[in-house]
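Descriptive analysis of the structure
If you want the building blocks of each chain, they are given just below.
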Amino acid sequence: MLNPPISFLSAELLFNIVEHIAKLPSPEEELHNLSLVDRAFTLSCQSYIFRTLQLGGGSGSKSRISKKLKQMRRILNDKPSFADRVRTIEFHILPKHLVWFLNNKTLISILQLLAKSPMPPHEFYLSSPLDPLNLGGPIVWGRLAQSFFSQTLTILHLKCCENLPLSLFIICPRLREVELDSVEAAHESYNQWSDNNCPALESPALERFYYRNSQTLVKQMITPPSRYHMPLGLWSKLRVLTLSPHEREEMNLLQPILNAACNTLEELYLTGIQVGDSEQLPLAGIVNLRSVPRLHVFALLAIIKCDVREESTVIRDINIVLGTIDASNEITNLCFDFDIVGRQPFGRCLDEDWGGICEEVIRISAGKPLELNFEMWVSNGTLDVDHPGEGELYAHIRERTVSLSDYPNICTHLWDPTCWSLGLSPSLNRQVRSRCRR
């Protein structure tokens, strides 16, 4: 029974309160406390509290994992219906514990209970905090291939893994989102797993794809080995693609994906952070946006090194890429993050073709509404927060882009570190603004 004043709140408002708290960085304790305030919140809070089954992390010791498994098993024994609320499984495991973990009887019993749910978990996150997890062994592969995931999995995130059997993709035909971070494909020695111990095989139609430092695997996803008689993934329905613009091997795989997703790709984020030192690649010969006419969002992380003696060509190179967007386009958002590396007087950055990029933005807009994000910050390879002369640099760039103010259909958002004092924060990676109300 609702207690005043909660009894005066609508069901929709109660749900919105819980949803807002669930979006906090670490909401578990807050959701638990809220669920005890009134029974009106209990069911909604439990749907979030038990949404994710997370194991490992931190030290990832066997004792900690065993304790968490036993605790979860006790909860499910007491309230079996809680298993119906689990949608996501996250395993953060040390490589030396992986086989022990997958053979753990308590874990197996929990997975068997989840398999009986009317809606079994459909999101799977697997990562290692240190050395890569070897996914090629028969125990690991058998658990994955024969679990309910083969019929339910829609979202797969893998980080720091090796020997991934390529067949994983075609035994999970419902896959729609895949994120690969430092993942290597299986060696030829695991060839037998392409046919044995698998349910019916079918290529998943991917809609969202992110990859970083996983070139060998992605290359085989694009062009499968001859032993596979079907694609490992269908790119013809891909809507969102994210990768690093500073990894040459990654970028060399971009255009084949763009060509395959020519009729569906809506968002392209060249914003991934490179593993190791970052160098700005010349993109003009690699990226052709004319092949994706339905593109709505294009985002780019660019590095401008002020101390390099060569001619300032980073912005000019970007302008060439923007020039491949046809005048009749569907672009709604352009987002540029500029990492300006160097010290005062920032000579090369001052000489960049800022006016040219404004001309391209105006051409692409062609009178239709367009959201433009310009974010810039100075770095010099140290942990220094203050950089002499950076304020004047930001002011100079703002002056060079002032022509955009003559076009009210272009809503321009310029951000630099001086905006923190105004209470303004930069946009989040892989998030775009909706149309600004002015």
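Look above for the structure.
These remarks concern the structure in this document. (Residues numbered from 1 in each chain as written. Predicted model: local features only at pLDDT ≥ 70, side-chain atom pairs only at ≥ 80, totals over all residues. Heavy atoms only, no water.)

Re the packing of helix 2 (residues 28-37) against helix 3 (residues 39-49)
Relative orientation of the contacting elements helix 2 and helix 3 amounts to 160°, with a least axis distance of 8 Å. Classified by the angle their axes make, helix 2 and helix 3 are roughly antiparallel. In terms of crossing hand, the pair formed by helix 2 and helix 3 is left-handed. Where helix 2 abuts helix 3, its residues Leu31, His32, Leu34, Ser35 and Val37 lie against Phe41, Thr42, Cys45, Tyr48 and Ile49. Split by residue class, the contact of helix 2 with helix 3 holds seven nonpolar, three polar and no charged. (Axes fitted to C-alpha atoms, helices over the stretch in contact; angles between N-to-C directions. Helix = DSSP H or I, 4+ residues; strand = E, 2+ residues; numbered from the N terminus. Parallel < 35°, antiparallel > 145°, perpendicular 65-115°, else oblique. Left-handed = near helix turned anticlockwise from the far one by under 90°. Contact = heavy atoms within 4.5 Å. Nonpolar A, V, L, I, M, F, W, Y, C, P; charged D, E, K, R; others polar.)

Quick notes on the packing of aromatic side chains
For the coordinates displayed, the defined rule picks out 11 aromatic pairs. On the basis of an interplanar angle of 85° and a centroid distance of 5.6 Å, the ring pair of phenylalanine 91 and phenylalanine 124 is categorised as edge-to-face. Of the two residues, phenylalanine 91 sits in strand 2 (residues 88-92) while phenylalanine 124 sits in strand 3 (residues 123-127), which places them 33 residues apart along the sequence. Just as phenylalanine 91 is buried, phenylalanine 124 falls in that class too. Taken together, a centroid distance of 6.2 Å and an interplanar angle of 15° make the contact between phenylalanine 336 and phenylalanine 338 stacked. For phenylalanine 338, a relative accessible area of 0% translates into the label buried. Among the aromatic residues, those joined into a cluster by ring pairs are Phe91, Phe101, Phe124, Phe148 and Phe149. (Phe/Tyr/Trp six-rings, centres within 6.5 Å; stacked < 30°, edge-to-face > 60°. Buried < 20%, exposed > 50% of the residue type's maximum accessible area, 1.4 Å probe, protein only.)

What about the pattern of salt bridges?
Side chains that differ in charge, positive against negative, can pair when their charged atoms come close. Taken as a whole, this structure holds seven salt bridges when the rule is applied. For arginine 208, the salt bridge identified is with glutamate 177, shortest N-O distance 3.7 Å. Taken together, the residues arginine 208 in strand 7 (residues 208-212) and glutamate 177 in strand 6 (residues 177-185) connect sequence positions 31 residues apart. As a salt-bridge pair, arginine 363 and glutamate 360 come within 3.0 Å of each other at their nearest N and O atoms. In this pair, arginine 363 and glutamate 360 are both assigned in helix 15 (residues 354-365), three residues apart and thus about one turn of the helix distant. Overall, the relative accessible area of 29% leaves arginine 363 in the partly exposed class. (Salt bridge = Lys/Arg side-chain N within 4 Å of Asp/Glu carboxyl O.)

Notes on the pairing of strand 10 (residues 297-305)
Within strand 10, eight of the nine residues are buried, which leaves it mostly tucked inside the rest of the structure. Looking at chain direction, strand 9 (residues 267-270) and strand 10 are connected through four bridges and run parallel. Among the inter-strand pairings, leucine 270 is bridged to a residue of strand 10, identified as leucine 300. (Pairing = 2+ DSSP bridges.)

Some points on the environment of arginine 176
Structurally, arginine 176 is set in the loop between helix 9 (167-170) and strand 6. For arginine 176, a relative accessible area of 31% gives the class partly exposed. Along the sequence, arginine 176 and glutamate 207 sit 31 residues apart, while their C-alpha atoms lie 5.1 Å from each other. With sequence-adjacent residues up to four places away left out, arginine 176 is seen in contact with Thr154, Pro204, Ala205, Leu206, Glu207 and Arg208.

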